[in-house]
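Close look at the chain arrangement
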Amino acid sequence: MSSYLGALPALVRGLGTTFAVALASMVLAVTFGFIAGTLRSTLPRALDLPLLGLVEFLRGIPLLVLMYFLFFGLPQLGIHTTNNVAAVASLALYAGALGSEIVRGAIVSIPAGQTEAAAALGLNTFSILRLVVIPQAVRRMLPPFVALFALIVESSSLAALIDVTDLLQAARQNVERDPDIALPIYLTVLVAYFIVNYPVSLASQRLEKKLA
Amino acid sequence: MSALELKNVRKAFGKNEVLKDISLGVERGDVCCIIGPSGSGKSTILRAINRLVLIDAGTIVVDGLSVTDPTVRDVDLRRKVGMVFQQFNLFPHMTAQENVTLGPRKVLNLPKDEADERAVKLLAKVGLADKAASRPAQLSGGQQQRVAIARALAMEPALMLFDEATSALDPEITGEVLAVMKQLAAEHTTMVCVTHEMGFAREVATDVVFMDGGLIVESAPPDEFFGAPKMERTKSFLSKVL
């Protein structure tokens, strides 16, 4: 019991790292997703192909393998990353690819009549996107993006496997020292992830109802 | 100079020829009503006039500006041409007033107070002075379409296009939109209206154009067109819709 209590500060620090990794990944994923999704919904087919390829590739590979590639593989090309950077980069790419599909889907779901009416007023393509299409599309992106945030928090636990001392890794280290506390420690970790994610998933459901 | 001149305009979507050699002129202050069955190419003509559709051959000139000249910028053409759509296409995230000021502010670069002043006047003109702060979702179809007319007028276009402006409305509220259109006609606004409202065409048109299968079958002033149509195809169409 005492070694369980002794492990708690490390778990709290680990939770902080989980938050930091997840938050940085979200910011980058939203940025990447927005740029890629907007480009993909506006570029002509031929110019869209490289992005389509990148997005489909990222969606078709396991996140953990991407993390290993960035952390263990890239150094052999002389590109050295810290484990935190490799974790954030892989999460951002992975979630960004999903995010770009959210953005693209929302943009193309805005009726063509909106674009036509704006074009008929004389607005250029960029203004039509900025003033008419994206403000409407953002409403439709919110619920899936919130769900994506929850996925990022969950998936960030994979970072433990490249030695990021996140919540899961902190737990592992303590269990290695004292295998007897495995049950309470991992239960605590499960509950901690749930406590972080449940409000996010609730918010997503609420948004979905509100904006439907 | 005519307000609008189409010469030998052709357009195909794939193998489907929707405009086969269309020539049409509209003088300033005239109201041209285009009627005809669905799929006859009526809407495509309107959309070709403001480049929402690019034509394959022929020429279109709007108020001295060549639609078919690629060096003419979209924005310069579209400033001259207002368009009202069947489905209104108001911007749902903006108030009625913001819908009306968007073009003047972002395309004409009017200062906010000037654009607002213009919008207030136009909303009053279409009978919606009290709805300036309403969102489209809070307005009836007829009200939305009147906002859409105000939005198009706010650009002070040389030519107004109405693409079946009342077709999506309940019969009992088409009247409020037609009343606004009649008022514009009475003020000598140059208008091209694709419409199924024969009463409106008869009352306000300078010319009625009957289209079928991508061709203009017959074109005449309304008295002559409705009173003594010459072509068999026109007669059979009128016998069904009147």
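Residue positions within a chain follow its written sequence, with the count starting from 1. Whichever chain is written first is A, and whichever ligand is written first is 1; the rest continue in order. Local features in a predicted model are, by the rule used here, given only for residues with pLDDT of at least 70; side-chain atom pairs are given and counted only at 80 or more, and totals for whole chains, interfaces and linings are based on all residues. Hydrogens are left out, water is left out, and the side-chain values use all remaining heavy atoms of the structure.

To continue, consider the overall build of chain A. For helices the rule is a DSSP run of H or I covering at least 4 residues; for strands it is a run of E covering at least 2, with both sets numbered from the N terminus onward. A count of helical and extended segments in chain A gives eight helices and zero strands. When the helices and strands of chain A are listed from N to C terminus, the series reads α-α-α-α-α-α-α-α. Dimensions of chain A along its principal axes, counting C-alpha atoms only, are 70 × 45 × 20 Å. A buried classification covers 46% of the 212 residues belonging to chain A. The charged-residue count follows a simple rule in which Lys and Arg add positive charge and Asp and Glu add negative charge, with His and chain termini not counted at all. Lys charges are placed at NZ, Arg charges at CZ, Asp charges at CG and Glu charges at CD. Counting 13 positive and 11 negative side-chain charges, chain A places the averaged centre of each group 12 Å from the other. Throughout, exposure labels follow a simple rule: accessible area from a 1.4 Å probe, protein chains only, divided by the maximum for the residue type, with under 20% read as buried, over 50% as exposed, and the rest as partly exposed.

Attention shifts here to the interface of chain A and chain B. We call two residues in contact when some of their heavy atoms are within 4.5 Å. Taken together, the contact pairs 15 residues of chain A with 20 residues of chain B. Interface of chain A and chain B: buried area, both sides summed, is about 1400 Å²; carbon and sulfur atoms make up 67% of it. Note on terms: buried area is the combined drop in 1.4 Å-probe accessible area of two parts once they are placed together, counting the loss on both. When the area that chain A buries against chain B is broken down by residue, the three leading residues are A:Glu116, A:Ala120 and A:Leu121, summing to 39%. Each reported salt bridge corresponds to a side-chain nitrogen of Lys or Arg within 4 Å of a carboxyl oxygen of Asp or Glu. For the pair chain A and chain B, the number of links is one salt bridge.

In a beta sheet, neighbouring strands pair by backbone hydrogen bonds and run either parallel or antiparallel. Residues and elements named next belong to chain B. Pairing in this open sheet of four strands is antiparallel, and the strands run β2-β1-β4-β5 from one edge to the other. Each edge of the open sheet carries a strand with a single partner, namely β2 (16-26) and β5 (65-66). Lines fitted to C-alpha atoms define the axes, with helix axes restricted to the stretch in contact, and inter-axis angles between N-to-C directions lie between 0 and 180 degrees. Along the sheet, helix α1 (residues 42-49) makes contact with β1 (4-13), β2 and β4 (57-62), crossing β1 at roughly 115°. Here, strands pair whenever DSSP counts at least two bridges between them.

Once that is clear, we can look at empty space enclosed by the protein. In this approach the atoms are scanned with a rolling probe the size of a water molecule, which exposes any empty space left behind. Lining residues are defined by having an atom within 4 Å of a point belonging to a cavity or pocket. Those points lie on a 1 Å grid over the protein atoms alone, cavities being sets where a 1.4 Å probe fits but cannot get out and pockets being open sets with protein on both sides within 12 Å along at least five of seven lines. Grid points are joined across faces, edges and corners, and a volume is the space filled by probe spheres set on the points. Applying the stated rule across the entire model yields one cavity of 30 Å³ or more. Forming the boundary of the largest cavity are A:Ala117, A:Ala120, A:Leu121, B:Met83, B:Phe85, B:Arg151 and B:Ala152. Basically, the charged four are Asp, Glu, Lys and Arg, the nonpolar ten are Ala, Val, Leu, Ile, Met, Phe, Trp, Tyr, Cys and Pro, and anything else, Gly included, counts as polar. Of the residues belonging to the lining of the largest cavity, the class tally is six nonpolar, no polar and one charged.

Another point: the pattern of salt bridges. With the rule as written, the count across this model stands at 21 salt bridges over all chains. Note that A:Arg104 is salt-bridged to A:Glu101, the shortest N-O span being 3.3 Å. Placement of the pair is A:Arg104 and A:Glu101 together in helix α4 (residues 83-108), with a separation of three residues, close to one helical turn. Put simply, B:Arg233 and B:Asp212 hold a salt bridge, and the shortest N to O gap is 2.5 Å. Pair noted here: B:Arg233 is in helix α9 (residues 232-241) and B:Asp212 is in strand β9 (residues 207-212), with a separation of 21 residues, a long-range link. Among the residues examined, B:Asp212 registers a relative accessible area of 22% and is labelled partly exposed. Look at the salt bridges and you will find they share partners, linking A:Arg40, A:Arg45, A:Asp48, A:Glu101 and A:Arg104 into a network.

Turning our eyes to something else, we now look at the confidence of the model for chain A. Confidence of the predictor at the level of single residues is captured by pLDDT, which takes values from 0 to 100. Confidence along chain A averages 92 in pLDDT terms, with 99% of residues attaining 70 or more. Within chain A, helix α5 (residues 112-120) of chain A carries the highest mean pLDDT (97), whereas helix α8 (residues 182-211) of chain A carries the lowest (87).

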